[in-house]
Every structure is written in C-alpha cells, then in structure tokens.
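Understanding the architecture of this molecule
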Amino acid sequence: MTRVLILCTHNSARSQMAEALTRAAAQRRGLDLDVHSAGTEATRVKDDAKTVMAEIGLSLDNHTSKTLWDVPDPQNFDYVITVCDSAAEACPAYPGRTHRLHYPFTDPSGGSLDRWRMVRDQLREQFEAFVQALGEGRPVPETYEDSPAVPVA
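Rules and cut-offs
- Residues numbered from 1 in each chain as written.
- Predicted model: local features only at pLDDT ≥ 70, side-chain atom pairs only at ≥ 80, totals over all residues.
- Heavy atoms only, no water.
- Pairing = 2+ DSSP bridges.
- Helix = DSSP H or I, 4+ residues; strand = E, 2+ residues; numbered from the N terminus.
- Axes fitted to C-alpha atoms, helices over the stretch in contact; angles between N-to-C directions.
- Contact = heavy atoms within 4.5 Å.
- Buried < 20%, exposed > 50% of the residue type's maximum accessible area, 1.4 Å probe, protein only.

Some details on the sheet that holds strand β4 (residues 99-102)
Strand order in the open sheet made by the four strands is β2-β1-β3-β4, with parallel pairing throughout. Only two strands of the sheet have a single neighbouring strand rather than two, namely β2 (33-39) and β4. If you compare each strand with its neighbour and ignore which way they point, the axes differ by 20° on average. By the bridge criterion, four bridges tie strand β3 (residues 79-82) to β4 in an arrangement that is parallel. Directly across from Y79, in β4, lies its bridge partner H99. Docked against the sheet, helix α1 (residues 14-29) engages β1 (2-8) and β2, running at close to 175° with respect to β2.

Put into structure tokens, the structure is as follows:
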C-alpha cells in the first residue's frame, strides 16, 4: 500500500482538506492509499475548512489536528507533501525512498468563504492530478504548475 503524508504548519486547514480530497480521489479510482495529514504544531481543524468541504460532500468532523509524531509510523511514507512554505522548511529528513513534494497554497485563514473555496478547489485539482498519476503508474506532478486539470468525478 502506498503511504502519503500531507504536511502544513498547524494541520488546521490546507493539509486537512488535502487529506480528505486525496482519500476521496483514491477511493473513486479504487486506489489503495494510506493517507494522513499532520502539522509542525497541532491546533484545531478550522470551521471554515469544515464548511467548504461539506459543500462538496466531504466531512472533516472526525478530523483532529495532529503533529507528525501523532500519525502511525511517521518515518515510513512513500510521499511526503508539504502544502505551505513553513512546513517545507521544517519538514524532517526522510529515508531515500520517500519522495518529497512541495505544493504551496495560499493560507485561506481570515479570508472570506470564497477564498476558502478557491483554495479548496486548487487543492482538489492538485491532489486529483496526484492520485490520477499514481493510479496510471505515471510520475506524479513535481509542482503545482506541472499538474494538468483533471476532471473530478
């Protein structure tokens, strides 16, 4: 099984949304992924993240903010993806087999719901492309710019 970890600073918004989106994309494609998210610090999952994800039928209600050390087997991931610059800088070293990616997204915190929706939709497009590449046995997009628009089922 392929293991994926998505990291952000507080594990309160972008990484939580990306985790749910990645898990849903993998499930739609019948791809066996073990997806987790974590932060360099733990806080809480933001209500606006829950709201905009519920709008597309994904619940974050059972999600909790956690650090890397709260996820199972934290040093054993096939892909570690950072979604903010500070997490990329603070990301620990991983064994050579771990593929590290950095897909930076704007922090929607403090913005309108439209800003939250924009970030959610960008995350959705990026992680759909990531999962599609895995499912087709192709190299995953190295950057956000490398990701083709992928229709969401």
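Digging into the environment of L33
Assignment of secondary structure puts L33 in strand β2. Classification of L33 as buried rests on a relative accessible area of 13%. Put simply, L33 and V131 are 98 residues apart on the chain and 9.1 Å apart in space, counted from C-alpha to C-alpha. Excluding residues that lie within four positions of it along the chain, L33 makes contacts with M1, T2, V4, T22, A26, V131 and L134.

None of the figures reported here should be taken as evidence of function without further support.
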